[in-house]
Amino acid sequence: MKILYRFILAIAALTIANEAVAGGLLTNTNQSAAFLRSIARGTSLDSDAVYNNPAGVVFMSNGFHIGINDQMAKQTRTITSTFAPFAMGAGNNGMTKDFKGEVFSPLIPSVHFAWKHNRWAVMAGVGVNGGGGSLEFNDGLGSFERQFSVLPGAISQLGGAMGLSADKYNMDMYLMGKSMTLAFNVGAAFRITDWLSVAAQLRVGVTSNSYEGHMKSIQVNPTLAAMGLNGQMMGAAQFFTAAGQMLGQINPALAGEAAKYAALTSDHILDVKQKGTSISPILAVALHKGKWDASIKYEFKMGTELEIESAEVSAKDPVINGIFADGSKVKSETPALLAAAVSRHFGPVKVTAEWHHFFDKDAENSFTPCVEGNTNEYMLGVEWSITDRLLVSAGTQRTALQLNENAYSDMNFSISSWSVGVGLAYKICDAVRINAGYMPTIYDKDVVATGAASGINFTDVYNRTSHAWGIGLDLKFGR
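Here's what I pulled together on the structure shown here. A quick note: this is a predicted structure, and the numbers were derived from the prediction, not measured.

A few words on the overall build of the protein chain. Helix and strand counts for the protein chain come out as nine helices and 20 strands. Principal-axis analysis of the C-alpha atoms places the extent of the protein chain at approximately 90 × 40 × 35 Å. Sorting the 479 residues of the protein chain into buried and exposed places 52% on the buried side. Of the contacts formed within the protein chain by residues at least 6 apart in sequence, a portion of 72% connects residues at least 24 apart. For the protein chain, the computed accessible surface area is about 20,000 Å², with 59% contributed by carbon and sulfur atoms.

Here it is, written out as structure tokens:
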């Protein structure tokens, strides 16, 4: 049952399918349209400071500050797989095949609220800390199809002595994973001196994942006159059931194997949900003096544990339920984050440099088998106030992963990257400002993986793309 086991484990790996549009392996540090337009937001004194610079909120003007944002993200994962038996696929065009997964998230909201009065500020926010969309592989993945593409060759090899042969296969496979972690932050900040402040927040993360998939209509085209088979496509489960019945008296052991393959090649449907919550604190310090701003923030690990809710169709499948047992739990921890930023004003121009360090080695999640070291991000952003109303900005981010590429699979991989953000902010009036930004991500390279399945060599080439757009409003009123 190894083939089906791999299929189900791959669905589990889709817990990371909706990887953040910016941030580490599981963390979405992109929480506003202002981030898209300038990226380095660690010294922000706008409404998104609630997330990026919580201690800096007390350096904002007295009154209420509200930020409302929405983003859209489009991502793709393409695995180009070369495997000789793919040439026997009824719908394939040779031994090389593309397996493409797509994510489109039209709604990635975030809201930030702060009330500041003299030395004190209270704040709250909600945003998508991870996930936020659905990843679909309409043709499944190469690692699954490889297991079934060898069926015709295996049938010919095992039954050659009796004249049994096959040279075609076909199957219907589909995978989809949906994932979202909403993070609710509440906290307060206090200004110790005119230029130094501290803050503390409490974050509640609510994760909801769902996975759907099927592996059905698996067919082969056996030829064996004694069984009345003439090379027409037929259900693989039907063939193995008939073969088992024919072999029952001749070779009971082989008949038993045929029965196992009949169960394996029958239809399987997956419908599973995962839910969990976690609570973690955040501590921050900020400096605001003259032309300089700086901040340090530490987000503790989110020790999320997800409980599995398996639908009846999955719970009744002994193999699926054996892996996704209803009521069982799985770790999906988001690593701790240390962030530091510094900025300086040069007249109307503000330049910000920022660093993020994700403690991946201390978190248990789907990437754990690949992690060799912690992820680092390096950001640089520039904002230019052309007039009192119009600001333009740009930024860049380098995400440097430390993963063992030899541990990758088409189910679970990530690639170091560069992101570039551009956009503008326009002040409609003293109380209302609009932000708009766009951020594409350019991945370093196509990762090439080689291996063998059923004793036959294969090559997979992994490729990713990512684009994000956003618009937001900064509102300010009261004193």
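Turning to the pattern of salt bridges, a few remarks are in order. Enumeration over the complete set of coordinates arrives at 16 salt bridges. Residue Glu 299 is joined to Lys 297 by a salt bridge in which the shortest nitrogen-to-oxygen separation is 3.0 Å. Residues Glu 299 and Lys 297 agree in their burial class; the two are buried. The partner of Arg 398 in a salt bridge is Asp 444, and the shortest N-O contact between them spans 2.7 Å. Taken together, the positions of Arg 398 in strand 16 (residues 390-400) and Asp 444 in the loop between strand 18 (432-443) and strand 19 (447-453) put the pair 46 residues apart, joining distant regions of the chain. By sharing partners, the salt bridges in this structure join Arg 37, Arg 41, Asp 46, Asp 48, Glu 383, Arg 433 and Asp 474 into a single network.

A few words on the pairing of strand 20 (residues 456-477). The pairing of strand 1 (residues 63-83) with strand 20 spans 20 bridges and is classified as antiparallel. Bridge pairing in strand 20 links Thr 76 to Thr 465. Both strand 18 and strand 20 contribute to a ladder of ten bridges, which runs antiparallel. Each residue of the ladder has a partner; that of Ile 434, found in strand 20, is Leu 473. With seven bridges connecting them, strand 19 and strand 20 associate as antiparallel partners. Pairing of Val 448 across the sheet is with Val 461, part of strand 20. Linking strand 19 back to strand 20 in an antiparallel pair, the connection comprises two residues, with Ser 454 at a positive phi of about 55 degrees.

Over its 13 residues, helix 7 (residues 252-264) extends 19 Å from the first C-alpha to the last, a length consistent with the 18 Å expected when each residue adds 1.5 Å. When we look at burial in helix 7, the residues that qualify are Ala 255, Ala 258, Ala 262 and Leu 264.

Our focus in this paragraph is the environment of Asp 139. Following the sequence through the fold, Asp 139 ends up in the loop between strand 3 (120-137) and helix 4 (142-149). The sequence separation of Asp 139 and Asp 98 amounts to 41 residues, and the corresponding C-alpha distance is 9.0 Å.

What follows covers helix 6 (residues 236-247). The end-to-end C-alpha distance of helix 6, which contains twelve residues, comes to 16 Å, matching closely the 16 Å that a straight helix rising 1.5 Å per residue would cover. What helix 6 keeps buried is the set Ala 236, Ala 237, Phe 239, Phe 240, Ala 243, Gly 244 and Leu 247. Relative to the axis of helix 6, the buried residues are bounded by an arc of 160 degrees and lie together on one face. Exposed and oriented more than 90 degrees from the buried face of helix 6 are Gln 238 and Gln 245. Against the buried residues of helix 6 lie helix 5 (151-159), strand 5 (196-220), strand 7 (229-230), strand 8 (234-235) and helix 7.

In the structure shown here, the tally under the stated rule is eleven aromatic pairs. Ring geometry for Phe 240 versus Tyr 261: centroids 5.5 Å apart, planes at 35 degrees, classification tilted. With Phe 240 in helix 6 and Tyr 261 in helix 7, this residue pair connects regions lying 21 residues apart in the sequence. Judged by relative accessible area, Phe 240 falls into the buried class, the value being 10%. Grouped by ring-pair contacts, the aromatic residues Phe 64, Phe 113, Trp 115 and Phe 477 constitute a single cluster. A cation over a ring is seen here: Arg 146 above Phe 458, with NZ or CZ 3.6 Å from the ring centre.

The rules behind each value
- Residues numbered from 1 in each chain as written.
- Predicted model: local features only at pLDDT ≥ 70, side-chain atom pairs only at ≥ 80, totals over all residues.
- Heavy atoms only, no water.
- Helix = DSSP H or I, 4+ residues; strand = E, 2+ residues; numbered from the N terminus.
- Buried < 20%, exposed > 50% of the residue type's maximum accessible area, 1.4 Å probe, protein only.
- Contact = heavy atoms within 4.5 Å.
- Areas by Shrake-Rupley, 256 points an atom, 1.4 Å probe, with all protein chains shown as cover.
- Salt bridge = Lys/Arg side-chain N within 4 Å of Asp/Glu carboxyl O.
- Pairing = 2+ DSSP bridges.
- Expected span 1.5 Å × (residues − 1).
- Arc of directions from axis to C-beta.
- Phe/Tyr/Trp six-rings, centres within 6.5 Å; stacked < 30°, edge-to-face > 60°.
- Lys NZ or Arg CZ within 6 Å of the ring centre and 35° of its normal.

Limitation: the analysis is restricted to geometry and does not speak to function.
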